[in-house]
There are 2 protein chains.
Amino acid sequence: MRDVAVIGVGITKFGELWNKSFRQLTAEAGSKAILDSGVDGKDIDAMYVGSMSSGRFVGQEHIGALVADASGFSHLHIPSTRVEGACASGGLAIRQGYLSIASGMNDVVIVGGIEKMNDVGGTSATETLATAADQEWESFFGVTFPGLYAMMAKRHMYEFGTTKEQLAKVAVKNHANGVKNPNAQYQMEITVDKALNASPVADPLGLLDCSPVTDGAAAVVLCSVEKAKEFTQKPLVKIIGSGQASDTLSLHGRRSITTLDATVHAANMAYKQSNKSPSDIDFAEVHDCFTIAEICAIEDLGFVEKGKGGYAVDQNITTFDGSKPVNTSGGLKSKGHPVGATGVAQIVEVAQQLRGDAGNRQLSNPHVGLAHNVGGSGATCVIHIMEGM
Amino acid sequence: MRDVAVIGVGITKFGELWNKSFRQLTAEAGSKAILDSGVDGKDIDAMYVGSMSSGRFVGQEHIGALVADASGFSHLHIPSTRVEGACASGGLAIRQGYLSIASGMNDVVIVGGIEKMNDVGGTSATETLATAADQEWESFFGVTFPGLYAMMAKRHMYEFGTTKEQLAKVAVKNHANGVKNPNAQYQMEITVDKALNASPVADPLGLLDCSPVTDGAAAVVLCSVEKAKEFTQKPLVKIIGSGQASDTLSLHGRRSITTLDATVHAANMAYKQSNKSPSDIDFAEVHDCFTIAEICAIEDLGFVEKGKGGYAVDQNITTFDGSKPVNTSGGLKSKGHPVGATGVAQIVEVAQQLRGDAGNRQLSNPHVGLAHNVGGSGATCVIHIMEGM
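If you're wondering where the values come from, they're calculated on a predicted model, not measured in any experiment.

**Q** Honestly, the environment of Ile-78 of chain B in this entry has me stumped. Any pointers?
**A** Residues and elements named next belong to chain B. Among the secondary structure elements, Ile-78 is positioned in the loop between helix 3 (63–70) and strand 3 (80–84). Residue Ile-78 is classed as buried on the basis of its relative accessible area of 6%. With 36 residues separating them in the primary sequence, Ile-78 and Ile-114 have C-alpha atoms 19 Å apart.

Listed below in structure tokens is the structure:
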């Protein structure tokens with residue numbers, strides 16, 4: 001397999017973007033990434049797009065073609081493919097772009113992620129998001145994602161003594177990071193008290209335990225390492241490990257609901273390929289769709305022992321100044337969660353940190369970063385490990 | 001890039017399958033392909049699934065995970081990814097599976113295609129299919145796919161003198177082939193008279209110029225050629241060319257509406273990779289969603305000169321006994337068109353013909369076959385060229 005690098009990144013503001021359409025968001029993120037990379041449109045061999053449910057949100061399937069068209073590439077007739085795996089759609093699109101270069105088929109690939117969830121004519125966001133769960137065994141009976149993750153949180157508390165305060169601290173940390181991210185949806189600090197007293201959503205999760213409904217897009221330009229120097233003099237960020245795994249679609253079929261086995265398997269695959277272990281990871285973007293999800297993630301990724309996620313939060317291990325900073329971008333909680341864009345936005349953050357481009361949230365000289373993107377309640381997970389060159 | 005072969009195929013009956021669910025169809029096609037291939041579940045490194053609009057048809061996104069789960073593989077945690085490009089979703093899934101093996105990442109990959117379009121709770125099939133066209137510039141104003149292809153037919157008639165009789169003969173030929181396919185939705189002969197006198201749908205297209213609304217699934221097992229002999233003694237079918245291209249999402253943006261430039265570009269890519277020319281292709285499955293689409297396809301693939309597609313039909317070039325048999329399976333017209341499954345079903349037919357497994361519709365000793373899969377009115381095209389080994 002050929003080596004692949006990220007050579008350009010682009011991202012839109014995340015938020016309730018009432019004045020920006022699906023097409024505008026995709027063109028904005030894509031053109032930023034292309035400008036950043038130094039490639040011309042004619043250099044691009046293929047496009048991949050992650051989107052969870054454009055068919056339901058904006059009444060439009062076939063968005064691989066739409067994105068190529070909206071980006072002004074229709075006359076180039078380049079292959080453009082949409083990839084979907086619920087909230088992991090963006091990460092899966094990255095993986096397909098990566099494989100298409102690693103295979104030797106392509107040299108330069110642009111990967112976008114997009115979701116337009118506000119100001120749309122389709123069904124409600126909650127109803128559409130529930131199509132990522134098992135329609136026949138879960139959604140039909142009324143459970144939505146806050147409910148599914150609330151069950152995971154309850155069980156984590158029961159098994160490991162995790163507390164609501166520890167959940168709240170995850171949100172406080174991610175908001176503290178998001179304040180420093182000009183593209184974040186919620187650039188405001190919160191407190192543990194505020195999180196604990198927020199409106200209940202699904203016990204034990206309150207409003208500030210939940211990621212928001214967001215519009216946004218992100219894009220990266222991937223290139224074979226051997227060709228990258230033709231386009232850019234910026235530091236290259238190499239993808240050194242890519243892992244993906246699946247699990248039962250419904251929560252009840254799993255051996256445990258406090259461990260995401262898809263995370264464990266995807267992580268093992270990525271660690272093995274990159275020849276890295278959890279202790280080699282300097283920082284990570286993890287899929288904190290709910291605060292409990294971040295606690296499970298840092299355990300399942302091997303950053304801390306199973307059951308010690310809450311304790312790690314208490315010890316400030318994952319804060320910006322901690323030994324293993326997690327979600328320096330603000331995470332899904334504060335940056336926002338346009339579901340199909342999230343996995344690509346994580347790669348944008350990891351690449352910016354590794355290039356030293358992260359502005360006033362720049363970590364001190366990180367070498368290896370990890371992006372962890374989950375679909376549904378954990379039926380899909382995709383992980384990328386990246387290294388500065 | 002490593003060489004990749006098809007080592008197993010499976011397909012369900014196509015039709016209005018009121019007694020079979022989405023899950024059942026996917027498990028049936030997948031298990032048939034696995035049995036045919038000689039691999040065990042534990043040998044499978046990854047899955048890809050093509051589906052156009054499961055989110056709207058059956059209220060379920062995230063079907064990569066669902067299909068792995070329904071196939072009994074959840075405990076194996078294998079990567080499973082859904083790919084979407086409207087009616088080209090199946091062909092795109094094949095291409096991703098192919099690339100993932102060619103890259104060296106995987107050895108054995110199962111690729112499925114599925115659509116459940118009848119007996120579903122979502123919006124009407126016509127409305128959901130229209131999400132493959134440009135929602136803002138086409139569908140919103142009321143045009144549906146029969147209307148779009150009718151415009152292409154009208155223009156083809158105007159430019160090249162193509163006749164309604166020639167369109168009808170495409171349907172007659174494909175029904176004659178479909179009679180010999182036990183999985184076809186419509187196993188009945190029709191006549192030119194019957195086609196010409198069928199209920200009008202969108203002038204000049206009548207009911208028998210249009211492919212039907214269909215439930216069905218298909219699957220293939222792909223394997224690196226170097227590993228294939230570990231699993232099967234059956235003849236291998238090698239993928240020697242893979243091409244994909246895009247075009248404007250809407251019809252009005254194109255330089256011509258009688259040529260699908262996406263087909264032309266995807267074909268050039270596949271011909272170049274395989275070192276074959278149109279004259280080397282012994283037979284083809286082409287995307288006859290409407291009769292006019294087959295006439296454009298045989299021109300755009302270079303089988304006949306531009307504008308001579310209707311004439312070629314008159315000359316019986318594309319019949320079962322002609323010099324270039326097209327749609328021996330019955331095509332989308334007679335076999336049926338479960339949109340996400342179609343591209344995979346085409347690969348099933350080409351592989352069966354090349355292995356000599358096509359039953360009473362077996363061609364005499366074919367060596368090279370082509371599969372041509374189109375999304376929407378031609379904004380996506382994916383083409384595979386395959387050779388018996």
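Don't stop here, the text continues.
**Q** Explain the pattern of salt bridges to me, please; I cannot follow it from the model alone.
**A** Where charged atoms from two side chains of opposite charge approach closely, those side chains can pair. All names here are of chain A. For the structure shown, the criterion picks out 56 salt bridges over all chains. Where Lys-32 meets Glu-28, a salt bridge forms, and the shortest distance between an N and an O atom there is 3.2 Å. In this pair, Lys-32 and Glu-28 both sit in helix 1 (residues 22–37), 4 residues apart, roughly one turn of the helix. Accessibility expressed as a relative area gives 36% for Lys-32, which makes it partly exposed.

**Q** Honestly, the pairing of strand 2 (residues 46–50) of chain B in this entry has me stumped. Any pointers?
**A** Two faces, one strand: in a regular strand the side chains alternate between the faces of the sheet. All names here are of chain B. Taking burial as the measure, the 5 residues of strand 2 include 5 buried ones, the bulk of the element. Both faces of strand 2 are covered, namely the face carrying Ala-46, Tyr-48 and Gly-50 and the face carrying Met-47 and Val-49. Strand direction decides the pairing type here: strand 2 and strand 4 (residues 108–115), joined by 5 bridges, are parallel. The residue of strand 4 that forms the bridge with Gly-50 is Gly-113.

**Q** Whenever I open this one, the relation of the copies chain A and chain B confuses me. Can you help?
**A** Copy one and copy two of the chain differ by a rotation about a common axis and a shift along it. With an RMSD of 0.0 Å, the operation that places chain A on chain B is a rotation of 180° combined with a shift of 0.0 Å along the axis. Between the two chains, the operation in question is that of a two-fold axis. Residue Ser-103 of chain A, judged by its C-alpha, is the member of chain A lying nearest the rotation axis, at 1.7 Å. Comparing interface residues between copies, 100% of those in chain A also lie at the interface in chain B; the contact surface is shared.

**Q** Can you help me understand the interface of chain A and chain B in this one?
**A** Much of the literature gives interface size as the accessible area that the parts lose upon coming together. Between chain A and chain B, the residue contacts involve 61 residues of the former and 61 residues of the latter. On the chain A side of the contact with chain B, His-62, His-77 and Met-105 of chain A bury the most area, a combined 16% of that side's loss. The interface formed by chain A and chain B contains 6 salt bridges. The partner of Arg-23 of chain B in a salt bridge is Asp-134 of chain A, with the nearest N and O atoms 2.5 Å apart. Listed by contribution, the elements that provide at least two residues to the side of chain A that touches chain B are helix 2 (54–57), helix 3 (63–70), strand 3 (80–84), helix 4 (89–102), strand 8 (237–246) and helix 10 (261–274) of chain A. At 7 residues, the largest contribution of residues to the side of chain A that touches chain B is made by helix 4 of chain A. Of the residues that constitute the side of chain A that touches chain B, the class distribution is 24 nonpolar, 26 polar and 11 charged.

**Q** Would you mind going over the confidence of the model for chain A with me for this structure?
**A** Interpreting fine coordinate detail is not advised for predicted regions of low pLDDT. Put simply, chain A has an average pLDDT of 97, and 99% of its residues get 70 or more. Taken over the whole predicted complex, pTM reads 0.98, whereas the ipTM for its chain interfaces reads 0.97.

**Q** Mind showing me how you'd approach the side chain of Glu-61 of chain B here?
**A** For Glu-61 of chain B, the position within the fold is in the loop between helix 2 (54–57) and helix 3. The residues contacting Glu-61 of chain B, other than those within four sequence positions of it, are Met-52, Ser-53, Arg-56, Glu-84 and Thr-131 of chain A together with Ser-54, Gly-55 and Arg-82 of chain B.

**Q** Please explain the state of the cysteines as it appears in this structure.
**A** A covalent bond bridging the sulfur atoms of two cysteines is what the word disulfide describes. Residues and elements named next belong to chain B. On inspection of all chains with the given rule, the structure shows 0 disulfides over all chains. As a non-bridged cysteine, Cys-87 has Cys-289 as the owner of its nearest cysteine sulfur, 6.8 Å distant. With no disulfide of its own, Cys-296 lies closest to Cys-289 among cysteine sulfurs, the gap being 9.7 Å.

**Q** Can you help me understand the packing of helix 7 (residues 164–178) of chain A against helix 11 (residues 291–300) of chain A in this one?
**A** How two helices sit against one another is set out by the angle between their axes and by the gap between those axes. Residues and elements named next belong to chain A. Here helix 7 crosses helix 11 at 95°, and the two axes come no closer than 8 Å. It follows that helix 7 is roughly perpendicular to helix 11 by the angle criterion. Along its contact with helix 7, which presents Gln-166, Leu-167, Val-170, Ala-171, Lys-173 and Asn-174, the element helix 11 presents Thr-291, Ile-292, Glu-294 and Ile-295. Of the residues belonging to the contact of helix 7 with helix 11, the class tally is 5 nonpolar, 3 polar and 2 charged.

**Q** Hey, could you run me through the domain arrangement of chain A in this one?
**A** All names here are of chain A. Domain parsing of chain A yields domain 1 (4–121 + 213–237) and domain 2 (128–210 + 240–388). Facing 47 residues of domain 1, the contacting portion of domain 2 comprises 41 residues. Here domain 1 meets domain 2 over a buried area of about 3300 Å², counting both sides, of which 67% is carbon and sulfur. Sorting the residues of domain 1 by area buried against domain 2 places Phe-14, Cys-87 and Val-237 first, and these three jointly supply 20% of that buried surface. At the junction of domain 1 with domain 2, the criterion picks out 1 salt bridge. Between Arg-355 and Asp-36 there is a salt bridge, with the nearest N and O atoms lying 3.0 Å from each other. Secondary-structure elements contributing two or more residues to the side of domain 1 that touches domain 2 are strand 1 (4–11), helix 2, helix 4, strand 4 (108–115) and strand 7 (216–224). A total of 7 residues in the side of domain 1 that touches domain 2 trace back to one element, the largest contributor, which is helix 4. Its residues assigned to classes, the side of domain 1 that touches domain 2 comprises 24 nonpolar, 15 polar and 8 charged.

**Q** In this structure, what is going on with helix 6 (residues 145–160) of chain B? I would like to understand it.
**A** An α-helix turns once every 3.6 residues. As a result, residues three or four positions apart point the same way. All names here are of chain B. Its 16 residues give helix 6 an end-to-end C-alpha distance of 22 Å, which sits within 8% of 22 Å, the value for a rise of 1.5 Å per residue. Within helix 6 the residues assigned to the buried category are Phe-145, Pro-146, Gly-147, Leu-148, Tyr-149, Ala-150, Met-152, Ala-153, His-156 and Met-157. Looking at the buried positions of helix 6, the neighbouring elements they touch are helix 5 (125–129), helix 7 (164–178), strand 5 (200–202), strand 6 (205–206), helix 11 (291–300) and strand 10 (368–375).

What counts, and at which threshold
- Residues numbered from 1 in each chain as written.
- Chains lettered and ligands numbered in written order.
- Predicted model: local features only at pLDDT ≥ 70, side-chain atom pairs only at ≥ 80, totals over all residues.
- Heavy atoms only, no water.
- Helix = DSSP H or I, 4+ residues; strand = E, 2+ residues; numbered from the N terminus.
- Buried < 20%, exposed > 50% of the residue type's maximum accessible area, 1.4 Å probe, protein only.
- Salt bridge = Lys/Arg side-chain N within 4 Å of Asp/Glu carboxyl O.
- Pairing = 2+ DSSP bridges.
- Least-squares fit on C-alpha atoms with pLDDT ≥ 70 in both.
- Contact = heavy atoms within 4.5 Å.
- Buried area = accessible area lost by both parts, 1.4 Å probe.
- Nonpolar A, V, L, I, M, F, W, Y, C, P; charged D, E, K, R; others polar.
- pLDDT = per-residue confidence, 0-100.
- Disulfide = S-S within 2.5 Å.
- Axes fitted to C-alpha atoms, helices over the stretch in contact; angles between N-to-C directions.
- Parallel < 35°, antiparallel > 145°, perpendicular 65-115°, else oblique.
- Domains from an automatic or database assignment.
- Expected span 1.5 Å × (residues − 1).

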